Amino acid sequence: MEVNQYLEMFIDESKEHLQACSEHLLELEKNPQDLAIVSEIFRSAHTLKGMSATMGFEDLADLTHKMENVLDAIRNEKISVTPEILDVVFESVDHLEEMVQDIASGGDGKRNVQATVEMLKRIESGEELTGTTAVPLAANEQAATSIVSAEWKLEYDDFEKTILHQSLEQGFNTYEISISLREDCLLKAARVFMVFEILEKNGDVIKSSPTVDKLEEEQFDSEFHVAFISKETADDLQKMLLKVSEVEKVEVLAIDPSVFREAKGEILPQEALPSEPETAEPVSEEKQAGGEPEKKPAANNAKSHAPAASKTIRVNIERLDVLMNLFEELVIDRGRLLSIAAEVNHGELSETVERMSRTMGDLQNIILTMRMVPVETVFNRFPKMVRQLSRDLNKKINLEIIGAETELDRTVIDEIGDPLVHLIRNSLDHGIESPEVRRQQGKPEEGTVQLRAYHSGNYVFIEIEDDGAGINRNKVLTKAIAKGIVSKEAASSLSNKQVNELIMAPGFSTADVISDISGRGVGLDVVKTTIESLGGNISIESTQDIGSTFSIQLPLTLSIISVMLVEIEKEIYAIPLSSIIETSIIRQSDILNAHNQKVIDFRGKVVPLIFLEEVFEVPRTKLDEDEFHSVVIVRKGDKMAGLVVDSFIGQQEIVLKSLGNYLTNIFAISGATILGNGKVALIVDCNALM
Amino acid sequence: MTNAVEQAYVKVIVFQLADKEYAIPVSYVRGIEKLMHITRVPKTPHYVKGVINLRGVVTPIIDLRARFGLPALENEETVRIIIIQLEDMEVGFIVDSANDVLDIESASIEQQPEVVGSSEEDFISGVAKLDKRLLILLHLDKVLNPLG
């Protein structure tokens, strides 16, 4: 199938557009009057509709179309924004996301959305769903017509007015240009093309009448109008345009957007329209519908809205992995070159190798940062989630996101989504109190949950802070004792921090009522385990009645980790530093026997010894009973163990690699790495040993 | 026409193992490497020699002699590792030597007669006669999957 090759792109772009829809919807909820936002949503929905129809996902296209109709009505001020309408639109976006998800996982994107479609239809026809349908607007349409001066040939919607206004503020001139071709002009489309070429070289066309499509198909008499922003003067523009042959007359009029601002909220007279009603849509959208690339509108927006977005390309993550592999090969060869250069003692060679090393250092940084993704990709689904949850819970909650641009390795990003969802749900459900309780306590009714991400050293911190109830020490302790997590005697001696950590113990759940949101039995212990398996850790700060902060520390990347290299006979193994407490040399006589298990007394604690040569069945050539043993003390949660090895080699940063698809589930081995000498070393999975 | 010709011949890599010659279609072969350092992986079947660093990719190595129950080779001078890709698995086979690349006629391949005996035969998918040589075609799936 030809379509297949576009499927991935389609899914990616659909997700982006849906994300844009959700974000803008949330914005719209805060500023229901801002019709520019509606236009943005409309634009995304419109593109999505076009794409899904092209790809043959009828249901997706259909629902988007219905949603678009509603948006269009809002945009044209036929209906006004109410929370009820937004709910339905949100619901539609949810459905659309599910559909895209289904398509991504190989389905056909079909889904029963009858109820939502009904609602959309009712909204569109202005039925009593909302109670506050803006009927009076229709009357306005007839009334206020006199403000607009007759010379304007074009009609602008709010979005276009905003662009014109902003362009003017940014020092651009705004014009309305009327161009008449000669009656006997033979190649009207060609002339139009030439005119547009000149215009686009000198500025941006905001809209045209008739639309660009119609112009290209020569569906106009001899005159057409464009709205145009440019730095050029009217005279220059006129001269340039008159250079196009067969152009008879060019009129360039400066637009004063204040005219439009006065007229804001009022619909311009229909009579001013020279042609079809489609002209109401901006040029850019016509282009999108025609399946053309999106470049033009993006450029327009960039100029008039925000600073230009940086240029990016999509690269398959596998390619980056290959690049990384090849680079590691280079690193190994560099090692060889360095030793050869040292051996032959050749000045120029050493110098060249030295310089190459530096370049490669830079290259390594670039390759590593290429694999980094902003946490935004995880965070951006939360605002909608919080909105929905706070409604379900009847709480008022404001989610603040800080540092969404913080970058993390792709491998980590893929894993932290679920733990974060869990923590946020937890804060919303157990943290933030109901509005009544908050009022009683003299807090603002609206609770705040702050999601923060920032870099510090080789780690990324993600914190979730709420200004809710905090952790109730007594409640937690009572529960923990009841569930047998701690004994009564031990409970009283626990520090606050230790009590806080109890809520992440397996089998703990404090919610009095098991709600749908959190407390389904899979508690915070799952979050803790997941985060620890990523090489990170989680801690809790909490003050009762003031709030709690969950702080997650994550390594920047999972593909490069710090390890301690150890040797057993001739074999080299890597032990992740994240599980190591310390290393120590012990005497044979320090080893004690307890229940057939060799143990040592390590700082007052009894620590079992694990002889790695036995676990890994290392072939011994000679048996030597050493007086001393090298021991690496590792931990998993509260448990500790001492791994006995022959010798320590040292600490090193290594690149984590999998053993491939043939060797899976090797006991106590979590992966492999390639050492500087080109040999493979295995990475010890300490968790499996304990 | 070209299709018919292509189908009539199979291009194979021929390698030596003890006194016999074996063949693997080149379509599965990713490369032939000289013997290099192999890192032993604990708790794996005896025929899994370990893993090598194949240009940055950690690749498991199977000793075909051990897999077929043959005694280990003394002289490692000519030993080669043939890198095979089967579906999503990339694996290296240790062989005594890599001898040849040949086109063999599909028609000349005979199905292996059902003989129950040494485990060696379990891995054979067919036999091709070529002049005076007898080439044994390996059944890669069976070589890679543990026998039930």
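In this text the structure is predicted, and so the values were computed from the model without any measurement. (Residues numbered from 1 in each chain as written. Chains lettered and ligands numbered in written order. Predicted model: local features only at pLDDT ≥ 70, side-chain atom pairs only at ≥ 80, totals over all residues. Heavy atoms only, no water.)

Along chain A, the regular secondary structure elements total 25 helices and 22 strands. Of all 690 residues assigned to chain A, the portion counted as buried reaches 46%. In chain A, the share of contacts with a sequence separation of at least 24, taken over all contacts with a separation of at least 6, comes to 71%. Accessible area of chain A: about 35000 Å², with a carbon and sulfur share of 50%. (Helix = DSSP H or I, 4+ residues; strand = E, 2+ residues; numbered from the N terminus. Buried < 20%, exposed > 50% of the residue type's maximum accessible area, 1.4 Å probe, protein only. Contact = heavy atoms within 4.5 Å. Areas by Shrake-Rupley, 256 points an atom, 1.4 Å probe, with all protein chains shown as cover.)

With that out of the way, let us pick up the packing of aromatic side chains. Throughout the structure, instances matching the rule amount to 7 aromatic pairs over all chains. Aromatic pair Tyr454 of chain A and Phe461 of chain A: ring centres 5.5 Å apart, planes at 15°, arrangement stacked. Seen from their ring centres, Tyr22 of chain B and Phe68 of chain B are 5.7 Å apart, and the 35° between their planes marks the pair as tilted. Within this pair, whereas Tyr22 of chain B is found in strand S2 (residues 20-25), its partner Phe68 of chain B is found in the loop between helix H2 (64-67) and strand S6 (80-86), the two being separated by 46 residues in sequence. Side by side, Tyr22 of chain B and Phe68 of chain B carry an identical accessibility label, which is buried. Over the ring of Tyr47 of chain B we find Arg67 of chain B, and its NZ or CZ is 4.2 Å from the ring centre. (Phe/Tyr/Trp six-rings, centres within 6.5 Å; stacked < 30°, edge-to-face > 60°. Lys NZ or Arg CZ within 6 Å of the ring centre and 35° of its normal.)

Right, let's talk about the UniProt feature "modified residue: Phosphohistidine" (unreviewed entry) in chain A for a bit. Residue and element names in this part refer to chain A. Those places that UniProt annotates as "modified residue: Phosphohistidine" (unreviewed entry) correspond, in this numbering, to His46. Residue position: His46 is located in helix H2 (residues 35-55). Relative accessible area serves as the criterion here: at 10%, His46 is assigned to the buried category. (UniProt positions renumbered as here; feature names shortened; annotations may be inferred.)

Before going further, it helps to spend a moment on helix H23 (residues 524-533) of chain A. All names here are of chain A. If you check which residues of H23 are buried, you get Leu524, Asp525, Val527 and Ile531. Seen along its axis, H23 keeps its buried residues to an arc of 155°; they face one direction. Contacts from the buried residues of H23 go to helix H18 (410-431), strand S10 (537-543) and strand S11 (547-555). Gly535 lies just past H23 and shows a positive phi near 85°. (Arc of directions from axis to C-beta.)

This brings us to the nonpolar core. Membership of the largest hydrophobic core comes to 59 residues, with the highest contact counts inside it found for Leu64 and Phe93 of chain B. Considering each element in turn, this core owes the most residues, 4 residues, to strand S7 (residues 89-95) of chain B. If near-sequence neighbours (up to four positions away) are discounted, Leu64 of chain B is found in contact with Phe15, Leu17, Phe93, Ile94, Val95, Leu138 and Val143 of chain B. Of all hydrophobic cores here, the second largest spans 51 residues; its members include Leu423, Ile432, Val476 and Ile503 of chain A. (Core = buried A, V, L, I, M, F, W, Y, C linked by side-chain atoms within 4.5 Å.)

What follows concerns the sheet that holds strand S4 (residues 247-254) of chain A. Residue and element names in this part refer to chain A. Sheet architecture is open: 4 strands sit in the order S2-S3-S1-S4, paired in antiparallel fashion. Of all the strands in the sheet, just strand S2 (203-209) and S4 have a single pairing partner and so form its edges. Each neighbouring strand pair of the sheet contributes to a mean axis angle of 25°, computed without reference to strand direction. Note: strand S1 (residues 173-181) against strand S3 (residues 223-230), 8 bridges, orientation antiparallel. Bridging from a neighbouring strand, Tyr175 pairs with Phe228 of S3. Each of S1, S2, S3 and S4 touches helix H8 (residues 188-202); the most contacted strand, S3, lies at about 15° to it. Where helix H10 (residues 234-242) meets the sheet, it contacts S1, S3 and S4, and its direction lies at approximately 160° from that of S4. (Pairing = 2+ DSSP bridges. Axes fitted to C-alpha atoms, helices over the stretch in contact; angles between N-to-C directions.)

Of note in this structure, Asn345 of chain A is not a glycine but carries a positive phi near 55°. When you line up the elements, Asn345 of chain A lands in the loop between helix H14 (317-344) and helix H15 (347-370). Positive phi, normally seen in glycine, also occurs at Lys43 of chain B, with a value near 60°. As for its placement among the helices and strands, Lys43 of chain B is situated in the loop between strand S3 (29-34) and strand S4 (48-54). For Lys43 of chain B, a relative accessible area of 42% translates into the label partly exposed.

The next subject is the interface of chain B and chain A. In this assembly, 22 residues from chain B lie in contact with 25 residues from chain A. Taking both partners together, chain B and chain A bury about 2000 Å²; carbon and sulfur atoms supply 64% of that area. For chain B, the biggest contributors to the area lost against chain A are Arg40, Lys43 and Val58 of chain B; these three give 31% of the whole. Across the chain B-chain A interface, the total number found is 1 salt bridge. Close ionic contact of Glu571 of chain A with Arg40 of chain B constitutes a salt bridge, the shortest N to O distance being 2.6 Å. Linking chain B with chain A are 6 residue pairs in polar contact (both at pLDDT 80 or more). Going through the elements one at a time, S4, strand S5 (57-63) and S7 of chain B are the ones with two or more residues in the side of chain B that touches chain A. Considering only residue class, the side of chain B that touches chain A consists of 13 nonpolar, 5 polar and 4 charged. (Buried area = accessible area lost by both parts, 1.4 Å probe. Salt bridge = Lys/Arg side-chain N within 4 Å of Asp/Glu carboxyl O. Polar contact = N/O pair within 3.5 Å; in protein donor to acceptor, adjacent residues only side chain to side chain. Nonpolar A, V, L, I, M, F, W, Y, C, P; charged D, E, K, R; others polar.)

All names here are of chain B. Reading across the sheet, the 5 strands line up as S3-S6-S7-S5-S4 and stay open at both edges, with mixed pairing between neighbours. At either end of the open sheet lies a strand with only one pairing partner, and these are S3 and S4. For this sheet, the mean inter-axis angle between neighbouring strands, taken without regard to orientation, is 30°. One ladder, built from 3 bridges, connects S5 with S7; its direction is parallel. The residue bridging Ile61 from the neighbouring strand is Gly92, located in S7.

Next up on the list: the confidence of the model for chain A. All names here are of chain A. Of the residues in chain A, 84% reach a pLDDT of 70 or more, and the chain-wide mean stands at 77. Within the model, the stretch residues 130-150 combines pLDDT values under 50 with 21 contacts to residues more than four positions away or in other chains. Note that pLDDT drops below 50 for residues 512-521; the model gives that stretch 14 contacts with residues more than four away or on any other chain. (pLDDT = per-residue confidence, 0-100.)

This brings us to the environment of Lys570 of chain A. Considering the arrangement of structural elements, one finds Lys570 of chain A in the loop between strand S12 (560-568) and strand S13 (571-576). Measuring from C-alpha to C-alpha, the distance between Lys570 of chain A and Arg620 of chain A comes to 9.2 Å, with 50 residues separating the pair along the chain.

Right, let's talk about the packing of H14 of chain A against H15 of chain A for a bit. In a packed pair of helices, the relevant descriptors are the angle between the two axes and the axis-to-axis distance. All names here are of chain A. Packing of H14 against H15 leaves a shortest axis separation of 10 Å and a crossing angle of 160°. With respect to each other, H14 and H15 are oriented roughly antiparallel. Note on packing geometry: the crossing formed by H14 with H15 is left-handed. Contact residues: Leu320, Leu323, Met324, Phe327, Leu330, Val331, Arg334, Leu337, Leu338, Ala341 and Val344 in H14; Leu349, Ser350, Val353, Met356, Ser357, Met360, Leu363, Gln364, Ile367, Leu368 and Met370 in H15. The residue makeup of the contact of H14 with H15, split by class, is 18 nonpolar, 3 polar and 1 charged. (Parallel < 35°, antiparallel > 145°, perpendicular 65-115°, else oblique. Left-handed = near helix turned anticlockwise from the far one by under 90°.)

Below, the discussion takes up the side chain of Thr64 of chain A. Residues and elements named next belong to chain A. With respect to the secondary-structure elements, Thr64 resides in helix H3 (residues 58-75). For Thr64, a relative accessible area of 0% corresponds to the buried category. A polar atom in the side chain of Thr64 sits 2.4 Å from the backbone oxygen of Leu60. Dropping the residues within four chain positions of it, Thr64 is found in contact with Ala45, Leu48, Lys49 and Leu96.

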